[in-house]
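Spelled out from the first residue to the last, the chains are:
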Amino acid sequence: MSTPRLPAALEVSGMIRLAEAAGGFAMVLRKGEPDSGTILVVILDNQGLGQVFERLPQADGTRRWSLAKRQDADMKQEFEAFLTRRMAQDSDLWVIELTIADGERFILNWK
């Protein structure tokens, strides 16, 4: 049995506030459907390279964050193309960019 979801807009707002409270920076790159939109999180490191995390449904009904794409320093265009494709595929998609220390741990611990 799956647990009830927070509306996407509320979850994004909480994520942004927590990232900023931790001394990071957060920005909405694209607003999606406020209630049930999917959320992609782009985490930038201090070299400006990104990782994309997406929460995917699991067999047990839970939804966990998974690494969907890691940016290669030599192929930055490929990363941008990935984000562009995902946005074209899902009109309800939210894209959030976080610049925060230990961003991977931040997102993997986000419930």
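From a predicted model like this one, the values you see are computed outputs, not experimental measurements.

**Q** Requested: an account of the sheet that holds strand β5 (residues 94-99), with residues and values cited.
**A** The five strands lie next to each other as β1-β5-β2-β3-β4, forming an open sheet whose pairing is mixed. Edge positions in the open sheet fall to β1 (25-30) and β4 (63-70), since each of these has one partner strand only. On average, adjacent strands in this sheet sit at an angle of 25° to one another, irrespective of strand direction. Both strand β2 (residues 39-44) and β5 contribute to a ladder of six bridges, which runs parallel.

**Q** Hey, could you go over the side chain of E97 for me, with residue numbers and the actual values?
**A** Note that E97 resides in strand β5. Of the side chains with opposite charge, K76 lies nearest to the buried E97, which makes no salt bridge, at 11 Å.

**Q** Please give an account of a nonpolar patch on the surface that cites residues and values.
**A** Together, F25, M27 and L29 make up a nonpolar patch on the protein surface, roughly 270 Å² of accessible area in all. For L29, the position within the fold is in strand β1.

**Q** Could you give an account of the side chain of R86, with specific residues and numbers?
**A** Within the secondary structure, R86 sits in helix α2 (residues 76-89). Every residue in contact with R86, bar those within four places of it in the chain, is listed here: T38, L40, E54 and L93.

Cut-off values and rules
- For every chain, the first residue of the written sequence is number 1, and numbering continues from 1 along that sequence.
- In keeping with the predicted nature of the model, local features appear solely for residues at pLDDT of at least 70, side-chain atom pairs appear and are counted solely at 80 or more, and the whole-chain, interface and lining totals rest on all residues.
- Values reported for side chains reflect all heavy atoms of the structure, with hydrogen atoms and water molecules removed beforehand.
- Whether two strands pair comes down to DSSP finding at least two bridges between them.
- Each helix corresponds to a stretch of at least 4 residues labelled H or I by DSSP, and each strand to a stretch of at least 2 residues labelled E; elements are numbered beginning at the N terminus.
- Here an angle of 0 to 180 degrees is reported between the N-to-C directions of two axes, which are lines fitted to C-alpha atoms, with helices fitted over the stretch in contact.
- Each residue's exposure class comes from its accessible area (1.4 Å probe, protein chains only) as a fraction of the maximum for that residue type: buried when under 20%, exposed when over 50%, partly exposed otherwise.
- Here Asp and Glu are counted as negative and Lys and Arg as positive; His is not counted, and neither are the chain ends.
- Here, a salt bridge means any Lys or Arg side-chain nitrogen found within 4 Å of an Asp or Glu carboxyl oxygen.
- Like-charged residues within 9 Å of one another, or nonpolar side chains (Val, Leu, Ile, Met, Phe, Trp, Tyr) within 5 Å, are grouped into patches, provided each residue has over 30% relative accessible area and no salt bridge.
- Residue burial considers only the protein chains on display, and all accessible areas are found by Shrake-Rupley using a 1.4 Å probe.
- Working rule for contacts: check all heavy atoms of both residues, and any pair within 4.5 Å makes them a contact.

Honestly, that's just the spatial picture; any functional story needs more than this.
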